[in-house]
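One-letter residues, chain by chain:
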Amino acid sequence: MSGYRLASGGRIDRDRRLEFTFNGRPMAGYAGDTLASALIANGVDIVARSFKYRRPRGIVAAGAEEPNAILQLGCGARTRPVQRATQTELHYGLSARTVNGWPSAETDLTAVLDRASRLLPAGFYYKTFKWPASGWKHYEHVIRAGAGLGYAPDDADADRYDRINAHCDVLVVGAGPAGLSAALAAGYSGARVILADEGSEFGGSLLSAAEHIDGAPSTHWIARVRAELAAMPEVTLLPRATVFGYYDHNFLTLVERLTDHLPATDAIGPRERLWRLRAKQVVIATGAIERPLVFGNNDRPGVMLASAVSSYVNRYGVAPGRRAVVFANNDNGYRSALDMQRAGIDVAGVVDVRTDPSGAWHEAARAAGLRVFAGHVVPDARGRRRLASVRTARLSADAGRIEDEGPRLDCDLLAVSGGWSPVVHLQSQSGARPRFDTDRACFVPGDPVQAERSAGAARGTWDTAGCLLEGNEAGVAAASACGFEAPATVLPSAAAADEQPLLPCWLVPGFKPVSRGPKQFVDYQNDTTAADLHLAIRENYTAIEHVKRYTALGFGTDQGKLGNINGMGIVAEKLGRPLAEVGTTTFRPAYTPVTFGAIAGRDVGALLDATRHTPMHAWHVARGAVFENVGQWKRARYYPRPGETMQQAVDRECLATHHAVGVLDYSTLGKIDIHGPDAVTLLERVYTNNWRKLAVGRCRYGLMLDEDGMVMDDGVTARLAEHHYLMTTTTGGAANVMARLERWLQTEWTDLEVHLTSVTDHWATVSVAGPYSRDLVGELCADVDLSAEAMPFMSIRECTAVGVAARVARVSFTGELSFEISVPAAHGQRLWEAVMAAGERYGATPYGTEAMHVLRAEKGFVIVGQDTDGSVTPDDLGMAGLVSTKKDFIGRRSLARPHLQRGDRRQLVGLLTDEPAAVLPEGAQLVDVPDGPLPLPMVGWVTSSYASARVGRSIALALVDGGRDRIGQRVFAPLADGRVLAARITEPVFLDAPGRRPHDRTDRNAERPDRRPERPPAGAVDA
Amino acid sequence: MNRYSILSLVRNALSHHENWQQAWRSPEPKPRYDAIVVGGGGHGLATAYYLAKNHGLTNVAVLEKGWLGGGNTGRNTTIVRSNYLWDEAAWLYDKSLRLWEGLTRDINYNVMFSQRGVFNLAHTLQDVRDTWRRVNANRLNGIDAEFVTPEQIKAMVPAINTSPDARYPILGASLQRRAGVARHDGVAWGLARAADARGVDIIQNCEVTGIRREDGRVTGVETSRGFIAAPKVGVVVAGHASVLADMAGFRLPVTSHPLQALVSEPVKPVLDSVIMSNQVHGYVSQSDKGELVIGAGIDAYQGYGQRGSFPVVEHTLAAIKELFPIFSRMRMLRQWGGIVDVTPDACPILGKTPVDGLYFNCGWGTGGFKATPGSGWAFAHTIAHDAPHELNAPFSLDRFVTGHLIDEHGAAGVAH
Amino acid sequence: MLQLECPWCGPRDEEEFTYGGEAHITRPPEPDAVSDAAWGDYLFFHTNTRGLQSEQWCHSHGCRRWFNVARDTVTYRIHRVYRMGEPRPGFDA
């Protein structure tokens, strides 16, 4: 219990007390607190147990770099896992809990692991857990249970997420002194500006510092600038908004948090909003992150970044401890010490690594009576659950080792500062390579490769005056690059650079060698120590990426914000190479973690993919149709009556089509309108067969290949007029066929005069099949002669149906006499209802895709995509007769390649099971010998298979090696359930096999003989 | 090589881990080797290891332009499975899977091969047909495969959404229980250490800048560290295969594309197997550290930039949220990209080239990690014998001329 | 996300476009006259350039026109957009 609320100060609202719970304990904070500051105010020391050693951990930072205070917030469907307390705004009713530690983080019995830590060096798991051979899954089980910093919710997310596309002239990332200054300058110019900051309040580092601008507390300046910006119509201000990704062509992603800071009752509307930003110019003013110092037991609760201490004291009005020591290699230690002293915290001393500190800050500290231990370090910290004291020691002249021990200082708070690291993450993401600045001992932005510039601490400028100046310059330059001129302004006055240079100190020398002394943590969350880094190098994992991956340095949820640079410094020292050569690693999105939900946006659930409905969809729904997804379409699969199984329904639908009339919604079929004098040339080039002799009013079936010779799509194309054709495609292939035709026309056959229009959605099509189809269609399309003589098979006519211009085509995919009526889509439902009404006396029955599949398979018609798989040629399907030898077409040359000419290719055949009632499962593999050692040579597979009511037994289509020469032979289908089904190879036609050549499969769409009975069968009328 | 074991760990603990040997040496390149492997990723290192182990070829160098495992080995989502449709692919990948099963012991390095099972989901009736086709083919090829119903999936993967009302409801899945994931970095390091122990020189920061040939035969490689002679050169450089082929004067039927992946923040165990969906387009597993490891398809455009476009990430996470609605509030920690070399039939090229003594191993597309040991095993055979093993003979360059493609994306489940 | 300048519609996000791969691959005018190897080259063996490459893109969610783009496959920078039928630009331009 070391932290406490200061009696005054801070930007919290002491009139608004907020109750919350931590591990079930009721606590209270104030509006303006973060969860972290409130926990400190409530005296909480331990907020987590570390990953590997289960050591107690306290709050280290005040921002995005916090590695320890990772908590589970809330519960139920709105729980928030893995949340940094330092970036969680406190709200009324917030419940937070720690995740690791048994029984609790406070008292963790698994901390015994720390005692065994010598057995757990970096990479120990690569060296062990190898026995027994199958043992890893058991070890893994235990390791997995210990890992994880939170719990995934148990329920689906109850929140919504929005997405917005936005453009701007200048995006300013970060609203600290540099960002505000940049936004203001760009705003004055009239440019469209977006200013985004991850915090709830603008001001950045100024909010945590006791600084003055223009002679007044800096918060006055912040308020004034914010008000000015808010008044500019072209400026958008986004607090609680993190720019987390910088992608190509100046595309950036930003997530705006809208409700997490509110109590549940006030959290209305979307939770987060993803901004997809295209910025002409970007100003990166993301500030810098302070580095800790790496010394023995530097993970004790109570060791905290000096800047975080200042932040808690100045911004939140809390004291993170009662008696403090400062340990720093730069002037920020003095700043923090003075902040603490001013707040009434007892400061036992400032340990400064530099032998001869000087300058304004040092003098101010001296003047304030602070005890300074120059040329000293803290090699070790004492206390377990909370810091109790630190040991000090004097450094050797070369700063490489300890000379003699200094006083031990009792303290419960150690403010550490190892210098600053500019937040170059976004700049690095943009493609630039950060450059190591030896003087300032930090990576600074490299040469830009996109339209961006950095300003302020993000480029290594630490003083407020410098930040204001650079921000202004960046804002002016960015606006100017977009064509806007910023008026000259007078910059506010602020503290200018008066800092003395830091003395880099990547690893604090200890009393013992690194491998033998107390642990010196580099990455807190992953328990990566300096000894681990040394071990990695000893084992020749010397590439920085190897070191990182071997030791897990930088792989925590802070992504190495806190520890990476120290780690690289330690590695560089150990390798004896300059840090600049060791190199940094490329930063990846996200800067801080982003909710999946926000990235997924609204494109989930029903909106995961567009859903296409035919104009008659409502009718199918009302009739209880079961649907299947075909591409984006919802197609009626079958229409079960109460109590019917699918098979019963399909049988009924098939038989009704066979004996009376079946009605199918055929609207999903792809339709492309082709106009122009060269239309027929196009058809000639994309279909395998001949089109020049097709008469107006007639239709023809065509097969389309990929350029590699494989069947890609098929369909019937009708000639409507001299230069006007209507092509149909498969439902799923429509968009692809359209795109390919357009591509050929625009890129290769630019001389052809032909125009394509996709008209799939323009027309609703009803297919009427069965012996009474002519009677029924005749009632609807009275103005056209449907007689066999006037309208032969494969012809099309313009007519009128349900009072509108329509087309009727006599084509068949079922083998039955069939007519397809098409009307403009808006009249589709009316047409369908009219057909069903008129069809009542003929026993018209709606049928779905399942019955359609059965009916077509009985006739041996293939479905591209089901009976083909991208490796099937026309000849494989028995359609060689459809392949013209007199012209070129897409894919023809490929057919001549050796492998496509082989005689033993897989060919389409029929299969009849020995047992007529047994239906081969689709996807069954076929073998010649059903038993024997594996692997069993496979000779083919079942592509389509059904219990056929019309044929009165099961039927199947299959692709079989050299199948056409194997008619009459038996094959076997060994199934996963152990059964083996035997079947005889047949022609792939099960009904009215045509009297043509047995292998000629060009009779696709052939009709069965007209066999209309005198009277419709009784009882076939659909309910 | 000092063997790794619990005992060696204890022994070294007593000496404060100050006496561990280097996992591999970093020698200066010799002027001449019997064989050179270009590319220090998993496949290249496996090739060198099996050259030494199976073929007694130890005067071998692995040349890596950066750091070992820094390409796709260190960037992939580590899925290992062998449930491919066509015999040729199934046999090659299953050879690999069998090697995975003994790899940790074989190379005395824990590659954490975790056989936690892979589900390939089916969302449409055609998916179901394709899945059955593949399951049946796998079983007859001696590869473990099951078709599981939505109810069975739900029982094994409680977090998954099997609602029939989903936009693309789960209608079933194939399950390969022997499949799983492994520790990608560990594979590269373990193979490097094992190859080094057999005498292979592993040379990092050594970029190949040219392939020297005489009379149609390879004689060595120009590198950033000078010319290195060798009568046999095996190239395994994934996304940069075309660049190396260009140095040797021929072209490859591959295109290089960005492939992106991402991880979430780590949470307690919530997903015990690997879930893959082609229709909804995403795949996910949970690492031992608790991170959800997520990937999807390639970016459409060609790219050597090791980065892709954000919409792919959006679609991927929409798919993951659709499959696992409870993951919506999890957060993306880090995303990255690799460069994958994609062939027209989604199968690799593994064999000889128009240049004698020059061998290429490429075109693994999005799914190369799973093949690491098998690919190295077969490639080593090819280099050692100057002829492919029967397992990789079908994966010749020639197939793109004869038309004998092994079309794995035609039918099913190829992505990753 | 890339931004491409459609010659007809102006700058648009990558999401509106379809990628078509390398440009200037001509279909052999007389397929029968070429060898299997030459036909295989046309079908599959392209340059897969690392660096500046001419590509076809289609503004498929806009004007549906195909056009050429000279793009660097490493930096993803767009150097030139030009219409179908126009010659491949000199890349030093």
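In this text the structure is predicted, and so the values were computed from the model without any measurement.

Time to look at the overall build of chain A. Scanning chain A from terminus to terminus reveals 24 helices and 52 strands. Rg of the C-alpha trace for chain A: 39 Å, well past the compact-globule value of 31 Å for 1023 residues, more than 25% over. For the C-alpha atoms alone, the extent of chain A along its principal axes is close to 115 × 70 × 55 Å. Buried residues in chain A amount to 64% of all 1023 residues. A fraction of 67% describes how many contacts in chain A between residues 6 or more apart in sequence connect residues 24 or more apart. Only carbon and sulfur atoms are counted for the fraction: they give 52% of the accessible area of chain A, which is about 35600 Å². The average position of the 114 basic charges and that of the 118 acidic charges among the side chains of chain A differ by 4 Å.

Here we take up the pattern of salt bridges. Between side chains of opposite charge, a pair can form when the charged atoms approach closely. Counted according to the given criterion, the structure contains 92 salt bridges over all chains. One salt bridge in this structure joins R307 of chain B and D248 of chain A, with 2.8 Å as the shortest N-O distance. Residue R307 of chain B is found in the loop between β16 (292-298) and α8 (310-323), and its partner D248 of chain A is found in the loop between β14 (241-247) and β15 (251-257); the two belong to separate chains. Take D248 of chain A: its relative accessible area is 5%, and that puts it in the buried class. A cluster of three or more residues bridged by salt bridges with shared partners is formed by R55, R57, D114, D299, R384, K519 and D527 of chain A.

Annotation from UniProt places "domain: GCVT N-terminal" (unreviewed entry) at residues 616-887 of chain A. In the segment residues 616-887 of chain A, helix accounts for 26% and strand for 30%; the C-alpha atoms at its two ends are 42 Å apart.

Interpreting fine coordinate detail is not advised for predicted regions of low pLDDT. All names here are of chain A. In this model, chain A carries an average pLDDT of 94, and 97% of its residues clear a pLDDT of 70 or more. Segment residues 995-1005 is flagged for pLDDT under 50; beyond a separation of four residues in sequence, or across chains, it makes 32 contacts in the model. Predicted confidence is poor over residues 1016-1023, with pLDDT under 50, and the contacts of this stretch with residues over four places away or in other chains come to 19 contacts.

This brings us to the interface of chain B and chain A. Each partner contributes to the interface: chain B provides 106 residues, whereas chain A provides 117 residues. When chain B packs against chain A, close to 9800 Å² is buried across both sides, 55% of that on carbon and sulfur atoms. In this assembly, chain B and chain A are joined by 11 salt bridges. Across the pair D185 of chain B and R549 of chain A runs a salt bridge, and its minimum N-O distance is 2.8 Å. Scanning the region where chain B abuts chain A turns up 66 residue pairs in polar contact (both at pLDDT 80 or more). Within the side of chain B that touches chain A, the residues separate by chemical class into 49 nonpolar, 31 polar and 26 charged.

Turning our eyes to something else, we now look at the pairing of strand β6 (residues 172-176) of chain B. All names here are of chain B. With five of five residues buried, β6 lies mostly within the body of the structure. Across the two faces of β6 the burial is the same, with G172, S174 and Q176 and A173 and L175 all buried. Two elements, strand β5 (residues 146-148) and β6, share three bridges in a ladder whose sense is antiparallel. Each bridged residue has a counterpart across the sheet, and for F147 the counterpart in β6 is S174.

The subject of this paragraph is the sheet that holds strand β36 (residues 661-665) of chain A. All names here are of chain A. Strand order in this open sheet of six strands is β43-β44-β45-β42-β36-β46, and the pairing throughout is mixed. At either margin of the open sheet sits one strand with a lone partner, and together these are β43 (795-801) and β46 (844-846). Across the sheet, the mean angle separating the axes of adjacent strands is 25 degrees when strand polarity is ignored. Bridge analysis of strand β42 (residues 763-769) against strand β45 (residues 818-824) gives seven bridges, and the strand direction is antiparallel. For W763, the partnering residue across the bridge sits in β45 and is P824. Of the strands in this sheet, β36, β42, β43, β44 (804-810), β45 and β46 touch helix α21 (residues 773-780), which is tilted by about 25 degrees from β45.

Glancing now at helix α1 (residues 6-14) of chain B. The set of residues buried in α1 of chain B consists of S8, L9, N12 and A13 of chain B. The buried residues of α1 of chain B occupy an angular sector of 140 degrees when projected down its axis, which confines them to one face. Summarising the geometry of α1 of chain B, the exposed residues directed more than 90 degrees from the buried face are I6, L7, R11 and L14 of chain B. Its buried side turned inward, α1 of chain B meets α3 (124-127) of chain A.

A separate point is the nonpolar core. Within the largest apolar cluster, 177 residues are counted, with the highest numbers of intra-cluster contacts made by L35, L39, F295, F327, M340 and L414 of chain A together with W100 of chain B. Residue contributions to this core peak at eight residues, all from helix α3 (residues 87-106) of chain B. The residues contacting F327 of chain A, other than those within four sequence positions of it, are L293, F295, V351, V353, H376, V377, V378, L414, A415, V416, S417 and V508 of chain A. One finds Y725 and L752 of chain A together with V218 and F400 of chain B within the second-largest nonpolar core, a separate group that totals 59 residues.

So, about the domain arrangement of chain A. Residues and elements named next belong to chain A. When the domains of chain A are assigned, the result is domain 1 (17-130 + 142-147), domain 2 (163-288 + 422-482), domain 3 (293-417), domain 4 (512-576), domain 5 (670-846) and domain 6 (902-999). Here the C-alpha centre of domain 2 lies 30 Å away from the C-alpha centre of domain 1. With six residues of domain 1 in contact, the opposing surface of domain 2 contributes eight residues. Overall, the association of domain 1 and domain 2 removes approximately 590 Å² of surface from exposure, summing both partners, and the carbon and sulfur fraction of that is 45%. Three residues stand out in domain 1 for area buried against domain 2, namely R80, E89 and H91, and they jointly supply 73% of the buried area on that side. For the pair domain 1 and domain 2, the interface holds two salt bridges. Measuring nitrogen to oxygen at the nearest pair gives 2.5 Å for the salt bridge that ties E89 to R240. Where domain 1 packs against domain 2, one counts three residue pairs in polar contact (both at pLDDT 80 or more). Residues belonging to the side of domain 1 that touches domain 2 are distributed by class as follows: two nonpolar, two polar and two charged.

The next point concerns helix α1 (residues 36-43) of chain C. Within α1 of chain C, the full set of buried residues consists of W39, G40, Y42 and L43 of chain C. The arc that holds every buried residue of α1 of chain C, seen down its axis, measures 160 degrees, which confines them to one face. Buried residues along α1 of chain C sit against α20 (734-747) and α24 (892-895) of chain A together with α10 (399-402) of chain B.

Scanning the model with the defined rule gives 44 aromatic pairs over all chains in all. For the ring pair Y541 of chain A and W24 of chain B, a centre distance of 5.1 Å and an interplane angle of 75 degrees mean the geometry is edge-to-face. Of this pair, Y541 of chain A sits in the loop between α12 (530-538) and α13 (544-551) while W24 of chain B sits in the loop between α1 and β1 (35-38), on two different chains. Per residue, the accessibility class of Y541 of chain A equals that of W24 of chain B, and both read buried. Between W39 of chain C and Y42 of chain C, the aromatic rings sit 4.9 Å apart at their centres with planes inclined by 55 degrees, giving tilted as the arrangement. Taken together, the residues W39 of chain C and Y42 of chain C, both in helix α1 and three residues apart, mark about one turn of the helix.

Okay, the environment of T849 of chain A next. All names here are of chain A. Along the chain, T849 falls in helix α23 (residues 849-858). The exposure class of T849 is buried, given its relative accessible area of 2%. Among residues more than four places away in sequence, those in contact with T849 are E628, R635, A636, R637 and L664.

Let us look at a nonpolar patch on the surface. On the surface, L119 of chain A together with I6, L7, V10 and L14 of chain B cluster together into a nonpolar patch covering about 480 Å² of accessible area. Here L7 of chain B shows up in helix α1.

Looking now at the interface of chain A and chain C. Accessible area lost upon the coming together of the parts is a frequently used measure of interface size. The partner chain C presents 27 residues to the 26 residues of chain A that form the contact. Buried surface at the junction of chain A and chain C, both sides included, amounts to about 2400 Å², of which 41% is carbon and sulfur. If you look at where chain A meets chain C, you find seven salt bridges. The partner of D13 of chain C in a salt bridge is R278 of chain A, with the nearest N and O atoms 2.6 Å apart. Those elements that place two or more of their residues in the side of chain A that touches chain C are β16 (272-284), α20 and α24 of chain A. Per-element accounting of the side of chain A that touches chain C gives the leading share, seven residues, to α20 of chain A.

Cut-offs applied
- Residues numbered from 1 in each chain as written.
- Chains lettered and ligands numbered in written order.
- Predicted model: local features only at pLDDT ≥ 70, side-chain atom pairs only at ≥ 80, totals over all residues.
- Heavy atoms only, no water.
- Helix = DSSP H or I, 4+ residues; strand = E, 2+ residues; numbered from the N terminus.
- Rg over C-alpha atoms; globule rule 2.2 N^0.38 Å.
- Buried < 20%, exposed > 50% of the residue type's maximum accessible area, 1.4 Å probe, protein only.
- Contact = heavy atoms within 4.5 Å.
- Areas by Shrake-Rupley, 256 points an atom, 1.4 Å probe, with all protein chains shown as cover.
- Lys, Arg positive; Asp, Glu negative; His and termini not counted.
- Charge placed at Lys NZ, Arg CZ, Asp CG, Glu CD.
- Salt bridge = Lys/Arg side-chain N within 4 Å of Asp/Glu carboxyl O.
- UniProt positions renumbered as here; feature names shortened; annotations may be inferred.
- pLDDT = per-residue confidence, 0-100.
- Buried area = accessible area lost by both parts, 1.4 Å probe.
- Polar contact = N/O pair within 3.5 Å; in protein donor to acceptor, adjacent residues only side chain to side chain.
- Nonpolar A, V, L, I, M, F, W, Y, C, P; charged D, E, K, R; others polar.
- Pairing = 2+ DSSP bridges.
- Axes fitted to C-alpha atoms, helices over the stretch in contact; angles between N-to-C directions.
- Arc of directions from axis to C-beta.
- Core = buried A, V, L, I, M, F, W, Y, C linked by side-chain atoms within 4.5 Å.
- Domains from an automatic or database assignment.
- Phe/Tyr/Trp six-rings, centres within 6.5 Å; stacked < 30°, edge-to-face > 60°.
- Patch = residues over 30% accessible without salt bridge, like charges linked within 9 Å, V, L, I, M, F, W, Y side chains within 5 Å.

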